[in-house]
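Here is how the chains run, residue by residue.
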Amino acid sequence: MKITLLSTSTHPSDQGLRTLSACLKREGHQVKMVFLPLQENDYSSTYSPEIVEQIDKVIEGSGLIGIGAMSSTSTRAIHLIKHYESKGIPVVWGGPAPTFFPEKCFQNCNIVAVGECEHSLMELAKKLETKEDISTIANLYIRLNNQEYKNPVRSPVNDLDELAHPDYDIEEQLILENGKLIPFEERFLAGIIYFQTERGCPQACSFCTNNILRDLYKGKSDRLRTHSVNYVIEELSRMQKKFPSIGAFDLRDETFTIRNIEWIREFSQKYIASKIGIRLKCLAEPASMAAEQISEEKIKLLVDAGLTDIIIGIQSGSDKLNFEVYNRFITKKQLLKTAQVLNKFKDKLTVMYDVISCNPYESTQDIIDTIQLVLELPPPYFLSVNNLIFFEGTPLYKRALQDGHIKSETDTAEMLNYWDRWQHIKLKKKNPYLNLVLNLMRGVATTKRIGLLPRKTIKKLISDSTLQFNLKHELPTYTVGSMVQVLDYMRENLAKPIYRKASPEFKQWYDKRRYKSSIKVKEHNIQIENPNQ
Ligand code: B12
Ligand code: SF4
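Keep in mind the model is a prediction, meaning the values are calculated, not measured.

### Regarding the nonpolar core
- Among the nonpolar cores identified, the biggest contains 77 residues, and I310, L342, Y353, L383, V437 and M441 are the most heavily contacted of them.
- Ranked by residue count, the leading element in this core is helix α16 (residues 432-440), at six residues.
- Contacts of I310, omitting those with residues within four sequence positions, involve C282, A284, L342, L349 and V351.
- Within the second largest apolar cluster, 45 residues are counted, among which are L36, A113, I137 and F184.

What follows is the structure in structure tokens.
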């Protein structure tokens, strides 16, 4: 059967949809993938009639349309769903939005796919082809002949290696550029491939949507599932051979370092032996690195393999806030130990620390604790200050709703991005002065400065006298804050659109440099020959 899969994401990586496509192809279906990115800073926009007309032509003869969307791209997804349902073509809507909010999505689509859906989609395609009853397919909410069926989710795939490798047959795929559907070209990957080697996360941070998945799969799977090293090497090697412009693999697993040391040992050896030679990036959560010896060995093995960037979630310098509000069980002492371990690799590894700001549950002292922890982290590093968004369905969202911090949808900050600094501060209203100081520390940290602020100035800004003055007089905070808002506006509306149009070579160059400190850091060269060069 001909199936068309439409991706509404702004980045055409979409491992989920690509894996679904590959699994359907393995079953003998003819799949057409179409990537439909629109501008990132306007999630309310939908596709023009001219664009829809072009999609109509591609869809001709399809027995099923699959649409993937995150919450942010739901408006544009719904626009397409309504259009194709009105033509009588079965449309199934899957991805993060229907997984987290099935009831809401079911109001706008007659077939909604919840959770991991390789098997459900294959079953749906087969049953539609053979005209069998589709009302009992697990993971699907289905509206059929005015009846509604809300089927439970099946256990998620235990052995991830069973799955076909994501479909990167780009020569058969289409993408939207400047209002035109054109053949997908390598340049759209922007020199980077996102790849998850694992599914799931054993932690349950209160602000994270991962909690919704844990509830969804309760009793069915609470295990972290990891691809074998061989599968991962095969995938990365395939990508390196196919796409010469790829300069980095971003291994976006929730927390890469949580896996056992044996996996990392085998991966490091095999990645080096494979001569793939492309730099790696990953995310880690410090609780998974608390055992000093193990974490040092893990980091060394990964750096030897070519890890050049790591993102570490700290979130707060206040143990109390981490424990009682964020449900994260790591102490400041352990965080500093982890930072010392990472710092041993400073010549080869760029570390980015994530903290959360603008949380109405924070006291003045909690923010000071965070600023003080940041001052204690050994430089060089990059500090990423992310403003809190109450994501619907998370434990922190429910608590904030109960405690009156969320009175309307606007209070969740879901329509802002993490880096709209002054807009978040104005919205949350609490501790504007200290939240502004923390937000101005976003950026490269050296021995002399953190972000825009010299270290000496930061200490002065949190000293008792300056603090008391600024808590009493808000004018200086609001003046600087308004200036920051202008800068943020320019970043989103001028700098980012220009960056998006830049060549993959420029993006790679920039990606390598933007987190580097002004301290002279030796360029990390992976000592492996690239067989393609
Ligand atoms: C890699 C990644 C990115 C990359 C690449 C995105 C891309 N288009 O590929 C980048 C860095 C660009 C990115 C950006 C953003 N991301 Co992101 N990202 C991820 C991450 C870490 C992995 C995605 C992935 O490949 N997963 C692996 C695959 C196998 O799983 P999957 O995508 O869920 O697919 C399965 C099911 O969902 C389902 N499915 C998926 N599509 C479809 C379609 C059909 C038809 C069907 C039937 C089923 C189906 O079946 C798939 C296979 O089992 C996820 C977290 C996560 N663990 O998934 C967050 C995540 C998807 N991102 C998220 C967010 C919020 C964002 C941003 C909005 C962040 C920001 N503020 O800028 C942006 C917006 C991007 C956009 N609008 O396009 C949220 C989405 C939450 C939500 N409610 O929608 C997630 C879930 C993280 C989180 N827990 O908060 N992201
Ligand atoms: S470690 Fe990361 S992915 Fe896991 S629950 Fe916490 S924030 Fe979410």
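### Observations concerning the site of ligand 1
- In the vicinity of ligand 1 lie 37 residues, with G16, G66, G68, M70 and G94 positioned nearest.
- When residues of the shell around ligand 1 are traced back to their parent elements, those giving at least two are α1 (15-26), β3 (64-68), β4 (91-94), α4 (96-100) and α6 (118-129).
- Of the residues contributing to the shell around ligand 1, the split by class is 14 nonpolar, 19 polar and four charged.
- The residue makeup of the shell around ligand 1 includes at least three contributed by each of domain 1 (2-163 + 170-174) and domain 2 (190-513).

### Details of the confidence of the model for the protein chain
- Confidence along the protein chain averages 92 in pLDDT terms, with 95% of residues attaining 70 or more.
- Predicted confidence for residues 517-533 stays below pLDDT 50, and this span has 30 contacts to residues more than four positions away or in other chains.

### Description of unusual backbone geometry
- A cis amide bond links P379 to the next residue, P380, at an omega of 0°.
- Unusually for a residue other than glycine, N178 sits at a positive phi of about 45°.
- A residue is classified by how many C-beta atoms lie within 10 Å of it, and N178, with 5 of them, is exposed.
- The backbone phi angle of A413 is positive, close to 70°, even though this residue is not glycine.
- Here A413 is to be found in the loop between α14 (395-402) and α15 (421-428).
- Take A413: there are 21 C-beta atoms within 10 Å of it, and that puts it in the buried class.

### Description of the site of ligand 2
- In the vicinity of ligand 2, the contacting residues are C201, Q203, A204, C205, C208, N210, E254, T255, E285 and G313.
- Here the shell around ligand 2 is composed, by residue class, of four nonpolar, four polar and two charged.

### Observations regarding the environment of P102
- If you trace the backbone, P102 turns up in helix α5 (residues 102-106).
- Using a count of 20 C-beta atoms within 10 Å as the deciding quantity, one classes P102 as buried.
- Residues P102 and G115, spaced 13 residues apart in sequence, show a C-alpha to C-alpha distance of 9.7 Å.

### What to know about the sheet that holds strand β8 (residues 174-177)
- Sheet architecture is open: nine strands sit in the order β7-β6-β5-β4-β3-β1-β2-β8-β9, paired in mixed fashion. What marks the edges here is a single partner per strand, and that holds for β7 (147-150) and β9 (180-183). This sheet shows a mean twist of 20° between the axes of neighbouring strands, independent of strand direction.
- Two strands pair when backbone bridges link them, and strand β6 (residues 140-144) and β7 are joined in this way by four bridges, in the antiparallel orientation.

### Side note on the domain arrangement of the protein chain
- You can read the domains of the protein chain as domain 1 (2-163 + 170-174) and domain 2 (190-513).
- The C-alpha-based centres of domain 1 and domain 2 are spaced at 30 Å.
- Listed by partner, the interface residues are 11 residues for domain 1 and 19 residues for domain 2.
- In the side of domain 1 that touches domain 2, the residues fall into four nonpolar, six polar and one charged.

### Some thoughts on the pairing of β3
- Taken across its five residues, β3 has five buried, putting it largely inside the fold.
- By the alternation rule, side chains of β3 split into L64, G66 and G68 and I65 and I67, which are all buried.
- Of the strand pairs in this sheet, strand β1 (residues 2-7) and β3 are connected by five bridges, and their pairing is parallel. What sits directly across from L5, in β3, is G66.
- Inspection of the sheet shows β3 paired to β4 by four bridges, in the parallel sense. Bridge pairing in β4 places G66 opposite V92.
- Taken together, β3, helix α3 (residues 74-85) and β4 form a β-α-β motif whose crossover is right-handed.

About the cut-offs
- Residues numbered from 1 in each chain as written.
- Chains lettered and ligands numbered in written order.
- Predicted model: local features only at pLDDT ≥ 70, side-chain atom pairs only at ≥ 80, totals over all residues.
- Core = buried A, V, L, I, M, F, W, Y, C linked by C-beta atoms within 7 Å.
- Buried ≥ 20, exposed ≤ 12 C-beta atoms within 10 Å, placed from the backbone.
- Helix = DSSP H or I, 4+ residues; strand = E, 2+ residues; numbered from the N terminus.
- Contact = placed C-beta atoms within 7 Å.
- Near = placed C-beta within 6 Å.
- Nonpolar A, V, L, I, M, F, W, Y, C, P; charged D, E, K, R; others polar.
- Domains from an automatic or database assignment.
- pLDDT = per-residue confidence, 0-100.
- Pairing = 2+ DSSP bridges.
- Axes fitted to C-alpha atoms, helices over the stretch in contact; angles between N-to-C directions.
- Right-handed = clockwise from strand over helix to strand, strands pointing away.

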